[in-house]
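# Structural overview for review
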Amino acid sequence: MIRRLGHPLHQVLFNLSKYKLNGDKALYFFKDNSKIASWGLACNRMKHSLNHFQTLINRFKNLDKRKFIFGVFASSLDWDKERIPDSDILKYSAEMSLIMFLKDKRDACLGKSEDSCKCTVCSSTDSEWQSFMDKDNIIVWRREDANHRGEKLYCYKLYGTFDDVTAIDFLEAQVDLDYRLSWDNHAVQLQLLDSEPSTNSDVIYWETKWPTLFSNRDYVFMRRYRIDEERNLLFLVNQNTTHPSKPEVPSKQRVGEYWSYMVIKPKTTFDQPGLEFSLTYFDNPGSNVPSSMMNWVTTSVMPDFLNKLRLAAQGMSKRRGGAPSALRTKMVAKDRQVVVLESLRQTMYLF
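So, how was this worked out
Residues numbered from 1 in each chain as written. Predicted model: local features only at pLDDT ≥ 70, side-chain atom pairs only at ≥ 80, totals over all residues. Heavy atoms only, no water. Core = buried A, V, L, I, M, F, W, Y, C linked by side-chain atoms within 4.5 Å. Buried < 20%, exposed > 50% of the residue type's maximum accessible area, 1.4 Å probe, protein only. Helix = DSSP H or I, 4+ residues; strand = E, 2+ residues; numbered from the N terminus. Contact = heavy atoms within 4.5 Å. Phe/Tyr/Trp six-rings, centres within 6.5 Å; stacked < 30°, edge-to-face > 60°. Lys NZ or Arg CZ within 6 Å of the ring centre and 35° of its normal.

A word on the nonpolar core. Among the nonpolar cores identified, the biggest contains 33 residues, and Leu158, Phe170, Leu171, Ile264 and Phe277 are the most heavily contacted of them. Of all the elements in the fold, those that place two or more residues in this core are strand S4 (138-144), strand S5 (154-166), helix H8 (167-175), helix H9 (177-183), strand S9 (233-240), strand S11 (257-266), strand S12 (273-284) and helix H10 (291-314). In this view, Ile264 contacts Ala167, Phe170, Leu171, Gln174, Asn232, Leu233, Leu234, Leu275, Glu276 and Phe277; residues no more than four positions away in its chain are not counted. Counting residues in each nonpolar core, the second largest holds 26 residues, with Ile139, Met222, Leu233 and Phe282 among its members.

Structural data, given as structure tokens:
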């Protein structure tokens with residue numbers, strides 16, 4: 001959040017961060033401040049800048065207000081121990097090479113029984129991944145989870161390409177919790193419980209809708225995303241965890257085993273349309289869930305989710321009012337507090 005550094009702009013932004021103002025209302029707030037107005041900024045530039053700033057503070061608005069002390073978020077976690085480490089993210093850097101391998105395997109063995117196929121592809125590493133579905137330009141593989149042999153619990157890997165959305169919008173449409181609630185009809189609740197913005201790490205509570213006769217499933221998980229300019233990749237990694245503010249409740253089935261990772265590769269740059277992605281996940285929904293239900297989730301719910309995500313990503317630029325993505329805003333970490341002044345310099349031209 002904004003630190004109170006004594007500058008009149010910092011004071012105004014700190015006051016603004018306490019209110020839920022849209023760009024129009026915030027514009028009048030700033031126009032009434034003589035110290036800001038005296039700088040002679042054009043109103044329309046200020047409006048777009050404030051909309052951009054609002055996207056930055058939206059990240060925190062669902063957090064418990066008691067955890068804010070003078071505008072600084074006070075986390076209850078030891079993030080050095082709890083955050084998803086860099087090594088657990090970067091180990092997926094070769095994901096697209098694995099996807100190419102699996103696609104070659106799929107093409108070579110199409111129509112054959114993989115148990116009996118003796119081709120060089122099927123006898124190579126990672127041959128446990130088996131073709132499962134090809135629907136709406138989404139290819140799905142699955143393999144039995146190593147910790148649940150013989151229990152018909154599978155990890156799933158999905159691959160797809162979209163030519164009409166940018167990689168950064170595809171990521172932002174997922175990590176913007178308020179926005180996701182507006183387009184994901186399976187999400188009942190999405191709440192930010194804890195955050196370390198300097199590493200793009202969050203603890204999320206998520207309740208998802210299940211069909212009649214089944215209890216809704218809920219999750220508490222650690223999330224971290226990474227924008228890797230050098231490798232031209234985006235990573236989004238989730239891992240189930242616990243949090244004292246969200247204990248289990250009898251009316252919902254807490255999912256205790258859940259992890260996922262998504263790798264997004266733009267065809268050119270992060271800001272230009274065209275991408276390919278791989279999503280790999282494991283989800284143990286609990287006892288008494290028939291395998292047909294899990295097959296339904298993978299064959300129907302996930303493709304529907306990805307298509308809705310695609311449409312949501314197409315609307316990200318409009319949601320931001322044409323401002324740059326907040327995910328790419330340069331942030332300066334100091335004492336584990338986020339200072340957004342660099343972003344404001346770029347968008348408001350104040351300094």
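A word on the environment of Phe221. Note on placement: Phe221 falls in strand S8 (residues 217-228). Apart from the residues within four sequence positions on either side, Phe221 is in contact with Asp202, Val203, Ile204, Trp206, Asn238, Gln239, Asn240, Thr241 and Tyr258.

All right, on to the packing of aromatic side chains then. Scanning the model with the defined rule gives 16 aromatic pairs in all. Arranged with centres 5.5 Å apart and planes meeting at 35 degrees, the rings of Trp183 and Phe305 form a pair that is tilted. Placement of the pair is Trp183 in helix H9 and Phe305 in helix H10, with a sequence separation of 122 residues. Take Trp183: its relative accessible area is 11%, and that puts it in the buried class. Judged by relative accessible area, Phe305 falls into the buried class, the value being 11%. Ring geometry for Tyr219 versus Tyr258: centroids 5.1 Å apart, planes at 70 degrees, classification edge-to-face. Placement of the pair is Tyr219 in strand S8 and Tyr258 in strand S11, with a sequence separation of 39 residues. As far as the burial class goes, Tyr219 and Tyr258 line up, both buried. The ring of Tyr154 carries the charged tip of Arg142 above its face, separated from the ring centre by 3.9 Å.

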